[in-house]
Amino acid sequence: MATPVQFVVGARFYVGAWKALRAKTGNMDLLVALGTSTAFFYSLYLMLADIAIGHPHPMRHLYFEAAAVVIALIMVGKWFEARAKRSTTAAIRALMSLRPERARGERETGEVEVPVAAVAVHDVVVVRPGERLPVDGVVASGHSEVDESLLTGESLPVPKRLGDKITGGSINGSGLLRIETTAVGEQSTLSRIIALVENAQAKKAPVQRLVDRVAAVFVPVVVTVALAAFLGWWLVIGNFTVGVIAAVSVMVIACPCSLGLATPTALMVGTGAAARSGILIRDAEALERAHRLDTVILDKTGTVTEGKPAVTEVIPNGIAEQDLLALAAAAQTGSEHPLARAVLAAAAGLELPRLKEFQSHAGRGLIARVGGRRLAIGNRRLMRENRIKTNVGEFSKVSLATDMTIPY
């Protein structure tokens, strides 16, 4: 029963030990191979000796279980480590599943739905409002807002206009976009992220690399101590059997099975706990270095916030608060922007004047005509473009000119 464990399950340790010997160094695999092989072959020798004399020696103890348990424990640790890596990779690959399998390509005969794999670099694809972007590319025409939270964690849509880069898998907002493809297949952003994580996971944790460096000195020392124990019992005491048992004990105890089990187990528990909290850990080194962190800076909405804008204060200037809110909400009934939805939610229950004109300016705001007033609702850039003066020092206040202005 111990034989397949030793030579089939434990074959990887012999391969690693042979590579270490060829490099004239020592590592954890060499320690495991030496210790378990010594225990196995010594036990095999005792068993054959018992068979030869026809009955088991009453004082002899076989060590097959020691060799098998050491290998089994370390392989359990390797399984834990592989499981932790698979869970991390699965989280990354879940992003890939978000990318649509088909794209709406632009051909001479019109729009044709084709598999994403058939889209080539420089091909133009059309993405309608609310659809996921099938490829990486740049905006060839149109403007919209794109939800890139799958890549950046930023819950607020990012304005996109002519020439802006977009990432496959993100969600288009309210506008129609024509995208010129710049990367497909393994060259896409999500594919390169997966390759980066897989390469990082192939690296050993710093503590494991430290053990390999220590093993370069530790292995010769262990072998020397085991040989000294054997020679001491055999030559000085005159007991060959006890000498072999002493040497086997030194070799087996020196096997770093505790490290082989404890390190990957700690990695699995750490990455699993982080995953339950929505934290993706790229590799073991990042996890091991995390204990030195003394400050964590969160720069993305949706991390410690709800990720949904809300109106928290209305500061009118020369107009009633309810009237200001009703005008702003009426103007934004034609907008799908998250800030517009926040204003509409705040104005729920109010009677809104009729919207007569609406013009959206991506990344800046909107111009509308409501109840006989022309409203400019947006950021400073929109105000400057419309030559509307605002109090820069107190941005939340509204400066009234001939037309109504409602800056964010």
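Residues numbered from 1 in each chain as written. Predicted model: local features only at pLDDT ≥ 70, side-chain atom pairs only at ≥ 80, totals over all residues. Heavy atoms only, no water.

**Student:** Tell me what's going on with the sheet that holds strand S8 (residues 171–172), and back it up with residues and numbers.
**Tutor:** Sheet strands associate in pairs through backbone hydrogen bonding, adopting either a parallel or an antiparallel arrangement. Taken in spatial order, the 3 strands line up as S6-S5-S8 in an open sheet, and their pairing is antiparallel. In this open sheet, the two strands that pair with only one neighbour each are strand S6 (158–160) and S8. For strand S5 (residues 144–147) and S6, the ladder comprises 3 bridges, and the chain directions are antiparallel. If you follow Ser144 over to S6, its bridge partner there is Lys160. (Pairing = 2+ DSSP bridges. Helix = DSSP H or I, 4+ residues; strand = E, 2+ residues; numbered from the N terminus.)

**Student:** I'd like a description of the environment of Gly16, backed by residues and values.
**Tutor:** As for its placement among the helices and strands, Gly16 is situated in helix H2 (residues 11–22). In this structure, the C-alpha to C-alpha distance between Gly16 and Val32, residues 16 residues apart in sequence, is 9.9 Å.

**Student:** Give a detailed account of helix H3 (residues 28–53), specifying residues and quantitative values.
**Tutor:** Every α-helix carries 3.6 residues per turn, so stepping three or four residues along brings you back to the same face. In this model H3 runs 38 Å from its N-terminal to its C-terminal C-alpha over 26 residues, within 8% of the 38 Å that 1.5 Å per residue would give. Count one or two residues on from H3 and you reach Gly54, which has phi positive near 90°. (Expected span 1.5 Å × (residues − 1).)

**Student:** Requested: an account of the confidence of the model for the chain, with residues and values cited.
**Tutor:** As a note on interpretation, predicted positions should not be read in detail where pLDDT is low. Residue-level pLDDT values for the chain average 80, and 85% of them are 70 or greater. Confidence drops under a pLDDT of 50 for residues 393–405, and excluding neighbours within four residues, the segment shows 25 contacts in the predicted structure. (pLDDT = per-residue confidence, 0-100. Contact = heavy atoms within 4.5 Å.)

**Student:** Go over the environment of Asp323, please, and point to the residues and values.
**Tutor:** Mapping Asp323 onto the fold places it in helix H11 (residues 321–331). Given a relative accessible area of 45%, Asp323 falls into the partly exposed group. Separated by 28 residues in the primary sequence, Asp323 and Glu351 have C-alpha atoms spaced 9.5 Å apart. (Buried < 20%, exposed > 50% of the residue type's maximum accessible area, 1.4 Å probe, protein only.)

**Student:** Break down H11 for me, citing the residues and quoting the values.
**Tutor:** Among the 11 residues that make up H11, 8 are buried, leaving the element largely enclosed by the rest of the structure. Of the residues making up H11, those classed as buried are Leu324, Leu325, Ala326, Leu327, Ala328, Ala329, Ala330 and Ala331.

**Student:** Got a sec to walk through the pattern of salt bridges? Specific residues and values, please.
**Tutor:** Applying the stated criterion across every chain yields a total of 10 salt bridges. The salt bridge partner of Glu111 is Arg104, with a shortest N-O separation of 3.8 Å. With relative accessibility at 42%, the residue Glu111 sits in the partly exposed group. Residue Glu385 pairs with Arg364 through a salt bridge whose shortest N-O separation is 2.8 Å. Of the two residues, Glu385 is situated in helix H13 (residues 380–385) and Arg364 in the loop between strand S10 (355–361) and strand S11 (365–370); the sequence distance between them amounts to 21 residues. Given a relative accessible area of 40%, Glu385 falls into the partly exposed group. Salt bridges here are not isolated pairs; linked through shared partners, they connect Arg104, Glu111, Arg128 and Glu131. (Salt bridge = Lys/Arg side-chain N within 4 Å of Asp/Glu carboxyl O.)

**Student:** I'd like to hear about unusual backbone geometry, residue by residue, with values.
**Tutor:** Of note, the phi angle at His122 is positive, near 80°, even though the residue is not glycine. Judged by its relative accessible area of 57%, His122 falls in the exposed class. The backbone of Arg387 sits at a positive phi, close to 55°, despite the residue not being glycine. Following the sequence through the fold, Arg387 ends up in the loop between H13 and strand S13 (404–407). What makes Arg387 exposed here is its relative accessible area of 81%.

**Student:** Describe the packing of H3 against helix H8 (residues 240–254), with residues and values.
**Tutor:** Between two packed helices, what matters for the description is the angle formed by their axes and the separation of those axes. In contact at an axis separation of 8 Å, H3 and H8 are set at 150° when each is read in the N-to-C sense. When the axes of H3 and H8 are compared, the crossing they make is left-handed. Across the interface between the two elements, Leu31, Leu34, Gly35, Thr38, Ala39 and Tyr42 from H3 touch Thr241, Val244, Ile245, Val248, Met251, Val252 and Ala254 from H8. Of the residues in the contact of H3 with H8, the class split is 10 nonpolar, 3 polar and no charged. (Axes fitted to C-alpha atoms, helices over the stretch in contact; angles between N-to-C directions. Left-handed = near helix turned anticlockwise from the far one by under 90°. Nonpolar A, V, L, I, M, F, W, Y, C, P; charged D, E, K, R; others polar.)

**Student:** Pulling in residues and values, what's your account of the packing of aromatic side chains?
**Tutor:** Per the counting criterion, the structure on display carries 8 aromatic pairs. Plain terms: the ring middles of Trp234 and Phe240 are 5.6 Å apart, the flat faces sit at 80° to each other, and that makes the pair edge-to-face. Taken together, the ring pairs connect Phe7, Tyr14, Phe40, Phe41 and Phe64 into an aromatic cluster. (Phe/Tyr/Trp six-rings, centres within 6.5 Å; stacked < 30°, edge-to-face > 60°.)

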